[in-house]
Amino acid sequence: MESKKQILVDMDGVLADVYAQFINYEYKNTGTLMRIEDMDGKPEFSFPSFRRYVMTPGFFRTAPLISGCVEGLRFLNEHCRVLIVSSATEFPQSLPEKQAWLNEHFPFITWQQMIFCGSKNSIQGDVMIDDHPKNLCHFPGVRIMFPQPHNSRSEVENSIRVSGWKEIMSSDWINSL
């Protein structure tokens, strides 16, 4: 019997819509309505109060879902060994909030499938789905670039750029796993 492929799935920017969360926080705190279209090529930390927002209790816990991620992750989880890999140790409340968020939205993902770390470099798998080129560029397996404004102008060698979760579920590479 062939073993299932191990897929590493990022959280922020792949499951959790952190850009929408930053936009919501910016509007709530300053009255400035930013548009996702205006963020093209800009990293998350270009939000004026980035650091204050990520240090605010509830920021990670209440982030909205990215469209199609529940169905997509369920699909992957049924066909592969899924590990959620998230950089969660930089901001103090991030780790417990991310775990609670995952438990709420993805009850089919067990605690054994959650890896919270500082750097993803030592986490091994066959496929990585991530929105940050810095995480993908050193990964030796199949690299899937999830679309976000900060990576719209980035290229990562030997990566597959997808348009979102629907494409992930219907792609040829997934059927070859």
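Our structure is the block above this text.
The rules behind the values
Residues numbered from 1 in each chain as written. Predicted model: local features only at pLDDT ≥ 70, side-chain atom pairs only at ≥ 80, totals over all residues. Heavy atoms only, no water. Helix = DSSP H or I, 4+ residues; strand = E, 2+ residues; numbered from the N terminus. Buried < 20%, exposed > 50% of the residue type's maximum accessible area, 1.4 Å probe, protein only. Lys, Arg positive; Asp, Glu negative; His and termini not counted. Salt bridge = Lys/Arg side-chain N within 4 Å of Asp/Glu carboxyl O. Polar contact = N/O pair within 3.5 Å; in protein donor to acceptor, adjacent residues only side chain to side chain. Contact = heavy atoms within 4.5 Å. 1 Å grid on protein atoms, 1.4 Å probe; cavity = no way out; pocket = protein on both sides within 12 Å on 5 of 7 lines; lining within 4 Å. Points joined across faces, edges and corners; volume = space filled by probe spheres on them. Nonpolar A, V, L, I, M, F, W, Y, C, P; charged D, E, K, R; others polar. Pairing = 2+ DSSP bridges. Axes fitted to C-alpha atoms, helices over the stretch in contact; angles between N-to-C directions. Expected span 1.5 Å × (residues − 1). Phe/Tyr/Trp six-rings, centres within 6.5 Å; stacked < 30°, edge-to-face > 60°. Right-handed = clockwise from strand over helix to strand, strands pointing away.

**Details of the side chain of E97**
Looking at the secondary structure, you find E97 in helix 4 (residues 94-105). The side chain of E97 sits in the buried core without any salt bridge; R61 is the nearest counter-charge, 7.0 Å away. Of the polar contacts made by the side chain of E97, one reaches the backbone nitrogen of G58; its length is 2.6 Å. Residue contacts for E97: discarding those within four places in its chain leaves P57, G58, F59, F60 and R61.

**Describing the layout of surface pockets**
If you add up the space inside the largest pocket, you get close to 590 Å³. Put simply, the parts of the chain that give the lining of the largest pocket at least two residues each are helix 1 (18-30), helix 2 (50-54), strand 2 (81-87), helix 4 and helix 5 (133-136). A class-by-class count of the residues in the lining of the largest pocket yields 11 nonpolar, nine polar and seven charged. Here the second largest pocket is characterised by a volume of approximately 170 Å³. Lining the second largest pocket we find 13 residues, and of these I66, S67, F146, G164 and W165 sit closest to its centre. The element contributing the most residues to the lining of the second largest pocket is helix 6 (residues 165-170), with three residues.

**Considerations on the sheet that holds strand 4 (residues 127-130)**
Strand order in this open sheet of six strands is 3-2-1-4-5-6, and the pairing throughout is parallel. Lying at the two open borders of the sheet, with one neighbouring strand each, are strand 3 (114-117) and strand 6 (159-161). Pairs of neighbouring strands in the sheet enclose a mean axial angle of 20°, with direction left out of account. Both strand 1 (residues 6-9) and strand 4 contribute to a ladder of three bridges, which runs parallel. Each residue of the ladder has a partner; that of L8, found in strand 4, is M128.

**Remarks on helix 1**
Helix length check: helix 1, at 13 residues, gives a terminal C-alpha distance of 18 Å against a target of 18 Å (1.5 Å per residue), a fit within 8%. Looking at helix 1, one finds that the buried residues are V18, Y19, Q21, F22, I23, Y25 and E26. Elements that come into contact with the buried residues of helix 1 comprise helix 2. Just beyond helix 1, the residue with positive phi is G31, at close to 80°.

**Thoughts on the packing of aromatic side chains**
What the rule picks out here adds up to 10 aromatic pairs. Relative to F59, the ring of F22 lies with its centre 4.9 Å away and its plane at 45°, an arrangement referred to as tilted. Taken together, the residues span a long stretch of sequence, with F22 in helix 1 and F59 in the loop between helix 2 and helix 3 (69-79) at a distance of 37 residues. Here F22 and F59 have matching classes, each one buried.

**Some words on the environment of L83**
On the secondary structure map, L83 appears in strand 2. Residues contacting L83, with those up to four places away along its chain left out, are Q6, I7, L8, V9, Q112, Q113 and I115.

**Some points on the pairing of strand 2**
Along strand 2, five of the seven residues are buried, which leaves the element largely enclosed by surrounding structure. The pairing of strand 1 with strand 2 spans four bridges and is parallel. Looking at strand 2, one finds that L8 is bridged to L83. Relative to strand 3, strand 2 is paired through four bridges, and the arrangement is parallel. Within the sheet, the bridge partner assigned to S86 lies in strand 3 and is F116. Where the polypeptide runs from strand 2 across helix 4 and back to strand 3, its parallel neighbour, the crossover connection is right-handed.

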